[in-house]
Structures are given as C-alpha cells and as structure tokens.
Amino acid sequence: MKNVELAIEHKFSLSVYLWGLICGLVSGIAAAKFQYGWMIGIAMFLIIDKVVMAIIKELPPDIEEERLILRKAFFGWFLFWLYFTMLSYTLMVNFQPQFYSNQSLLYQLTQNGTVMG
C-alpha cells in the first residue's frame, strides 16, 4: 500500500474544518440547553490558531505567522460551524415542522407520502 502524504495546505484546511465541526457540535448542544449557548462556539474560534498549530505543526507558505490563521481560516471554519450548530441544535430540540397550509409540498409529502394527493 502506498503511503499518501497530504500537502501542508490540505492539512491546514482539514484542521480548520475539523475545528469548525467540533465548535458547531458544542454550540448546537449548548444552545439547546441555554439561550446563548451558541456563543461558546464563537469563543472557541478564538483559539483556532492553537488548535491548528497543534495538529499541523507548521504553516502553509501563504501564512507567514500564527496570528494570520484567524483571518485565513474564518470562512472555512464559519461554514462548518454554522452547519453543525444548526444540525445539532435541530436534533437536540427534536424539531417538528409546523404546517400552515395543507397545500404545501412538505405537507403533501409527509401526510400522503406523495405529492399527488
């Protein structure tokens, strides 16, 4: 089996996405327990530079110093954080859709099992 080595840029991206996933899960679960629980994930973002450096040990060539990690990683982290916050929150509160019209597509699918009712 061939040993595959990831480029440092890919390791950087994967570590940012992993931290976004972890922060999102923590935020969603905390938000289901108390009103401002989602702020925990935002606070966790502030230590992303420490987490990334612990995982990859070196920086990609386009990032000269550690403090630039916050700026470079924001959008990748944010999208993963947002998605997993909403997902875990929805699962924790056992969300049930509310139908306001029996003509809606979602109502037809859930009640009849088909769109043609």
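Along every chain, residues carry numbers that run from 1 in the direction the sequence is written. Where totals are concerned, whole chains, interfaces and linings use all residues; where local detail is concerned, this predicted model gives features only for residues with pLDDT of at least 70, and gives and counts side-chain atom pairs only at 80 or more. Excluded from the side-chain calculations are hydrogens and water; all other atoms, namely the structure's heavy atoms, are used.

Novice: Explain the overall build of the protein chain here, please?
Specialist: Secondary structure elements are taken from DSSP: a helix is a run of H or I of four residues or more, a strand is a run of E of two residues or more, and numbering for both begins at the N terminus. Secondary structure summary: the protein chain contains five helices and zero strands in total. Walking the protein chain from its N terminus toward its C terminus, one meets helices and strands in the order α-α-α-α-α. In summary, the protein chain has a C-alpha radius of gyration of 20 Å against a globular reference of 13 Å for 117 residues, an excess of more than 25%. Any two residues whose heavy atoms approach within 4.5 Å are treated as being in contact. Partitioning the intrachain contacts of the protein chain with sequence separation of at least 6 by distance along the chain shows that 61% fall at a separation of at least 24. Carbon and sulfur atoms form 64% of the exposed surface of the protein chain, whose accessible area is close to 8,400 Å². Lys and Arg are tallied as positive, Asp and Glu as negative. Neither His nor the chain termini are counted. To locate a charge, take atom NZ for lysine, CZ for arginine, CG for aspartate or CD for glutamate. Separation between the mean location of the 8 positive side-chain charges and that of the 8 negative ones in the protein chain comes to 7 Å. Atoms considered for the radius of gyration are the C-alpha atoms alone. The globule rule reads 2.2 Å times the number of residues to the power 0.38. Reported accessibility uses the Shrake-Rupley method at a 1.4 Å probe radius. Residues are deemed covered only where the shown protein chains occlude them.

Novice: It is not clear to me how the pattern of salt bridges should be interpreted in this structure. Could you clarify?
Specialist: The term salt bridge refers to a pairing of a side-chain nitrogen on Lys or Arg with a carboxyl oxygen on Asp or Glu at a separation within 4 Å. For the structure shown, the criterion picks out five salt bridges. Taking the shortest distance from any N to any O, the salt bridge between Lys50 and Asp49 comes out at 4.0 Å. Here Asp49 falls in the buried class, since its relative accessible area comes to 11%. Two residues, Glu65 and Arg67, come together in a salt bridge whose shortest N-O distance is 2.1 Å. For every residue, the accessible area (1.4 Å probe, protein chains only) is compared with the maximum for its type, and the residue is labelled buried under 20%, exposed over 50%, or partly exposed between those bounds. Note on Arg67: relative accessible area 65%, which makes it exposed. Salt bridges linked by common partners bring Asp49, Lys50 and Glu66 together as one network.

Novice: I would appreciate a short explanation of the packing of helix α1 (residues 8-33) against helix α3 (residues 48-56) in the present structure.
Specialist: The relative placement of two packed helices is expressed as an angle between their axes plus a distance between the axes. Where α1 meets α3, the axes come as close as 9 Å, and the angle between the chain directions of the two elements is 130°. Between α1 and α3, the angle falls in the class oblique. The hand of the α1/α3 crossing is right-handed. Together, Ile8, Lys11, Phe12, Ser15, Val16, Leu18 and Trp19 of α1 and Ile48, Val51, Val52, Ile55 and Ile56 of α3 make up the contact between the two elements. Here the residues of the contact of α1 with α3 are counted per class, giving 10 nonpolar, one polar and one charged. Between N-to-C directions, angles cover 0 to 180 degrees, with each direction set by a line fitted to C-alpha atoms, over the stretch in contact for helices. Should an angle lie under 35 degrees it is considered roughly parallel, over 145 roughly antiparallel, and from 65 to 115 roughly perpendicular; all remaining angles are considered oblique. It is the rotation of the near helix from the far one that decides the hand of a crossing: anticlockwise by less than a right angle makes it left-handed, clockwise makes it right-handed. In this classification, the charged set is Asp, Glu, Lys and Arg, the nonpolar set is Ala, Val, Leu, Ile, Met, Phe, Trp, Tyr, Cys and Pro, and all remaining amino acids, among them Gly, are polar.

Novice: I tried to follow the nonpolar core on my own but got confused; where do I start?
Specialist: Among soluble globular proteins, nonpolar side chains are generally buried collectively. Judged by nonpolar contacts, the single largest core of 18 residues is most densely connected at Phe12, Val16, Trp19, Ile48, Val52, Ile69 and Trp77. Among the elements of the structure, α1, α2 (39-45), α3 and α4 (69-92) are those that each provide at least two residues to this core. When sequence neighbours within four positions are dropped, the list of residues in contact with Ile48 reads Val16, Trp19, Ile69, Leu70, Ala73 and Trp77. Throughout this description, the term nonpolar core refers to a set of buried Ala, Val, Leu, Ile, Met, Phe, Trp, Tyr and Cys residues connected via side-chain atoms within 4.5 Å.

Novice: I'm lost on the side chain of Thr85 in this one. Help?
Specialist: Within the secondary structure layout, Thr85 lies in helix α4. Classification of Thr85 as buried rests on a relative accessible area of 3%. Polar side-chain contacts of Thr85 include one of 3.4 Å to the backbone oxygen of Gly24. For Thr85, the contacting residues outside a window of four places in its chain are Gly24, Ser27 and Gly28. Whenever two N or O atoms come within 3.5 Å, that pair is a polar contact, provided that in protein one can donate a hydrogen and the other can accept it, and provided that, for residues adjacent in sequence, both atoms are side-chain atoms.

Novice: What's the story with the packing of aromatic side chains in this structure? I'm lost.
Specialist: Between two aromatic rings, the relevant description is the distance of the centres plus the angle of the planes. Pairing of aromatic side chains here covers Phe, Tyr and the six-membered ring of Trp, requires ring centres within 6.5 Å, and sorts the geometry by plane angle: under 30 degrees stacked, over 60 edge-to-face, intermediate tilted. What the rule picks out here adds up to nine aromatic pairs. Considering the side-chain rings of Phe78 and Trp81, the 5.8 Å spacing of their centres and the 35° angle between planes classify their relative orientation as tilted. Separated by three residues within a single helix, Phe78 and Trp81 lie in helix α4, roughly one turn from each other. Given a relative accessible area of 28%, Phe78 falls into the partly exposed group. A relative accessible area of 6% means that Trp81 is categorised as buried.

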